[in-house]
Amino acid sequence: MSVIDQPSTQTPPPPPANDDGPRGLIGSLLFALGVLGILAIMLALIALAFVALIRDDSGGDAGGSASALDVSLSEFAIEGELSAPAGDVTLNIVNAGAIEHNLAVRELDVQSNNMQSRGVDTLALGELEAGSYELYCSISGHAESGMTAELVIGEADSFEPAELGDEHAGLSAEEMDQLMVDSMLAFPAETEGLGNQLLEPEILADGTKRFELTAEVIPWEVSPDEFVEAWAYNGQVPGPQIRVDIGDKVEVELTNLTPMGTDIHWHGVHTPNDQDGVSPYTQDPVATGETFTYNFVAEDPAIGMYHAHLHSQTSVINGMFAAFQIGDNPLPYGQTVAGVEIPADLEPAFEEPMVLNDAGTIGLTLNGKSFPATEPIVIDEGEWGVIHYYNEGLTAHPMHLHQFPQLVYAKDGIPLDSPYWADTVNVAPGERYSVLFQADAVGTWVYHCHILTHVERADGMFGMVTAMVVNPKE
Ligand SMILES: [Cu+2]
């Protein structure tokens, strides 16, 4: 009270010019209340620092888990950290309300001191077993007004060292590691069937290049001993690669042995409208057991694809897709990109499609195979290689090659005016990217999609992973 009296009795401030007396008294009272408030806050801060010191001491206890929980009281609620693993539990309590409160624990028959507004206290609960404990304020009427809460103490071991998902249930750390290691050492694994095989044309009398494709459902060994029902062209996933030259007359006879109608769309390839392969707009569906023949001239260069358009959400994701290339690979011969000169007479030692899929019966695969059945890329030190990515799946895949930057020189078969280097190339559905790399370091370098659930499960590595094996130059 003396604090309030002091300004008005001992050091009255000089009255302002138009001061009328009572206003001056109110001003002094407000000033005094402000000082009181600041003092109260300082006291609370000192008390909190003291609580923090106590908390640090309790945290140093050896043995089982020790938890210090911050709990806040107000009108009329108990809030804050209200769960902990079994073990030693201390509550650090702050009265953040305007009136007096305390905190009691029903099952333990203990309670804190009563705290004025901004007051603090600690309540050591000792070793608590798993279960539910009722917190409440024991001041008459406060619990009934809402000042209750549940303190949940969990099983001691459920918090250590970390919660793992169901897929790891029952496995020791050693077993989890061993599954991953074993799966990785199984690479490369032999499986039946190989996609992307170059399809040789029959040359007709007028020079037309004629190809025959049969679509049918086949058993496909997507990973070792795992056979799926693939929808395939000529028994392959991906279907056979077709390569023709600019100006070639192309004929493709499709026979449909799948259980539903189909067609072939030439994705990224310029054709007359009636050859675009989009039934029923440009042709009738090719019914089961029927054939249809496509004819067009390969007028423009393309790093394209062919796939079904009708029922694509079944047939394509189950395997009916393949690479279709017109003309030469549009490499940036003689260009310098970020200080690296691409040789003018470059002859890549390796040029292959990498067809990405992620759905249907085929699932997460590179060229129709899931790791460890994916094909490694084998190349000699110093040689250059080319990969054409084709995404026939439902989501984008960031393709990451360890060690060697990839020069992205064509997008959807169209040469880039400004090729660029990247260690990760994101390939969205329908897209193609052509990349060039130089294998200038010996070793086995992992090459994978960087969406990590596309390459690993709890039972090991799988899916969109392969490796580049760089051998020493002889
Ligand atoms: Cu992916």
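Whatever comes next refers back to the structure up there.
Not measured: the values here are computed from a predicted model.

What counts, and at which threshold
- Residues numbered from 1 in each chain as written.
- Predicted model: local features only at pLDDT ≥ 70, side-chain atom pairs only at ≥ 80, totals over all residues.
- Heavy atoms only, no water.
- Helix = DSSP H or I, 4+ residues; strand = E, 2+ residues; numbered from the N terminus.
- Contact = heavy atoms within 4.5 Å.
- Areas by Shrake-Rupley, 256 points an atom, 1.4 Å probe, with all protein chains shown as cover.
- Donors = N, O, S within 2.8 Å, 3.2 Å for Na, K, Ca; no water.
- Buried < 20%, exposed > 50% of the residue type's maximum accessible area, 1.4 Å probe, protein only.
- Pairing = 2+ DSSP bridges.
- Salt bridge = Lys/Arg side-chain N within 4 Å of Asp/Glu carboxyl O.
- Core = buried A, V, L, I, M, F, W, Y, C linked by side-chain atoms within 4.5 Å.
- Phe/Tyr/Trp six-rings, centres within 6.5 Å; stacked < 30°, edge-to-face > 60°.
- Axes fitted to C-alpha atoms, helices over the stretch in contact; angles between N-to-C directions.

Engineer: Hey, could you run me through the overall build of the chain in this one?
Structural biologist: When its secondary structure is counted, the chain shows 4 helices and 33 strands. Summarising the internal contacts of the chain: among those between residues at least 6 apart in sequence, 68% fall at separations of at least 24. A total accessible area of about 23,500 Å² is found for the chain, and carbon and sulfur atoms account for 54% of it.

Engineer: Sorry, what's going on with the coordination of the copper ion here?
Structural biologist: For a metal bound by four donors in tetrahedral geometry, the ideal donor-metal-donor angle is 109.5 degrees, whereas six donors in octahedral geometry ideally sit at 90 or 180 degrees. Looking at the copper ion, one finds its protein donor set to be His-397 (ND1), Cys-449 (SG) and His-454 (ND1), positioned 1.9 to 2.0 Å from the metal centre. Sequence spacing of the donors to the copper ion: H-x51-C-x4-H. Remark: His-454 occurs in the loop between strand E30 (443-449) and strand E31 (456-457) and His-397 occurs in strand E25 (residues 397-401); sequence separation between them is 57 residues. Judged by its relative accessible area of 11%, His-454 falls in the buried class.

Engineer: Quick question: what am I supposed to make of the sheet that holds strand E6 (residues 110-111) here?
Structural biologist: Two pairing modes exist for strands in a sheet, parallel and antiparallel, and in both the strands are linked by backbone hydrogen bonds. Strands sit in the order E3-E9-E8-E5-E6 across an open sheet of 5 strands; the sheet is mixed. One side of each edge strand has no neighbouring strand; the edge strands of this open sheet are strand E3 (83-85) and E6. Note: E3 against strand E9 (residues 148-154), 3 bridges, orientation parallel. Within E9, the position partnered with Pro-85 by the bridge is Gly-154.

Engineer: Explanation requested: the pattern of salt bridges in the structure shown.
Structural biologist: Where charged atoms of side chains with opposite charge meet at close range, the side chains can pair. Summed over all chains, the structure comprises 13 salt bridges. Close ionic contact of Glu-202 with Arg-210 constitutes a salt bridge, the shortest N to O distance being 3.7 Å. Residue Glu-202 is classed as partly exposed on the basis of its relative accessible area, which comes to 44%. For Lys-473, the salt bridge is made with Glu-383, and the minimal N-O distance between the two is 3.8 Å. Pair noted here: Lys-473 is in the segment after strand E33 (465-471) and Glu-383 is in the loop between strand E23 (377-380) and strand E24 (384-391), with a separation of 90 residues, a long-range link. Among the residues examined, Glu-383 registers a relative accessible area of 25% and is labelled partly exposed. Each of Glu-202, Arg-210, Glu-212, Glu-251 and Glu-253 takes part in salt bridges that share partners, so that together they form one network.

Engineer: Hey, could you run me through the nonpolar core in this one?
Structural biologist: Across soluble globular proteins, nonpolar side chains have a tendency to be buried as a group. One finds Tyr-233, Trp-266, Tyr-306 and Phe-324 to be the most contacted residues of the largest nonpolar core, which totals 40 residues. With 6 residues, the single largest contributor to this core is strand E11 (residues 209-223). Residues contacting Phe-324, with those up to four places away along its chain left out, are Ile-242, Val-244, Val-250, Trp-266, Val-269, Phe-296, Ala-302, Ile-303, Gly-304, Met-305 and Tyr-306. Counting 34 residues, the second largest nonpolar core, distinct from the first, contains Ala-439, Met-464, Val-465 and Ala-467.

Engineer: Teacher, can you tell me more about the packing of aromatic side chains here?
Structural biologist: The geometry of an aromatic ring pair is captured by two quantities: the separation of the ring centres and the angle between the planes. This structure, assessed with the given rule, holds 9 aromatic pairs. With 5.0 Å between their ring centres and 10° between their planes, Phe-187 and Phe-371 make a pair best called stacked. Placement of the pair is Phe-187 in the loop between helix H3 (173-185) and strand E10 (202-203) and Phe-371 in the loop between strand E22 (363-366) and E23, with a sequence separation of 184 residues. Each member of the pair, Phe-187 together with Phe-371, is buried.

Engineer: Whenever I open this one, the pairing of E33 confuses me. Can you help?
Structural biologist: Across a regular strand the side chains alternate sides, sitting on one face of the sheet and then on the other. Among the 7 residues in E33, 5 count as buried, and that is most of the element. Pairing geometry for E23 and E33, over 4 bridges, is parallel. Within E33, the residue paired with Asp-380 across the bridge is Asn-471. Pairing of E30 with E33, which is carried by 6 bridges, proceeds in the antiparallel orientation. For Val-446, the partnering residue across the bridge sits in E33 and is Ala-467.

Engineer: What is the right way to read the sheet that holds strand E18 (residues 321-326) from this model?
Structural biologist: Spatially, the 4 strands line up as an open sheet ordered E13-E18-E17-E15, and their pairing is mixed. Two strands lie at the open edges of the sheet, namely strand E13 (242-244) and strand E15 (265-267), each paired on one side alone. Across the sheet, the mean angle from the axis of one strand to that of its neighbour is 25°, orientation sign disregarded. Looking at chain direction, E13 and E18 are connected through 3 bridges and run parallel. Bridge pairing in E18 places Arg-243 opposite Gln-325.

Engineer: Just to check I follow, could you spell out unusual backbone geometry for this structure?
Structural biologist: A negative phi angle characterises most non-glycine residues, just as the trans form characterises most peptide bonds. The omega angle of the peptide bond from Phe-187 to Pro-188 is -10°, so this bond is cis rather than trans. Within the secondary structure layout, Pro-188 lies in the loop between H3 and E10. The peptide bond linking Phe-371 to Pro-372 adopts the cis configuration, its omega dihedral lying at 10°. Here Pro-372 shows up in the loop between E22 and E23. Unlike most non-glycine residues, Asn-196 shows phi in positive territory, near 65°. On the accessibility criterion, Asn-196 (9% relative accessible area) is buried. With a phi angle near 50°, Asn-367 is a residue other than glycine that sits in the positive phi range. By secondary structure assignment, the location of Asn-367 is in the loop between E22 and E23. On the accessibility criterion, Asn-367 (23% relative accessible area) is partly exposed.

Engineer: Looking at this structure, how should I read the pairing of E25?
Structural biologist: With 5 of its 5 residues buried, E25 lies for the most part within the structure. Here E25 shows a buried face lined by His-397, Met-399 and Leu-401 and a second buried face lined by Pro-398 and His-400. In this sheet, strand E28 (residues 424-427) lies alongside E25 in antiparallel orientation, the contact comprising 4 bridges. Residue pairing for E28: His-400 is matched across the bridge by Thr-424. Sheet topology note: the E25/E30 ladder contains 3 bridges and is antiparallel. If you follow Leu-401 over to E30, its bridge partner there is Tyr-447.

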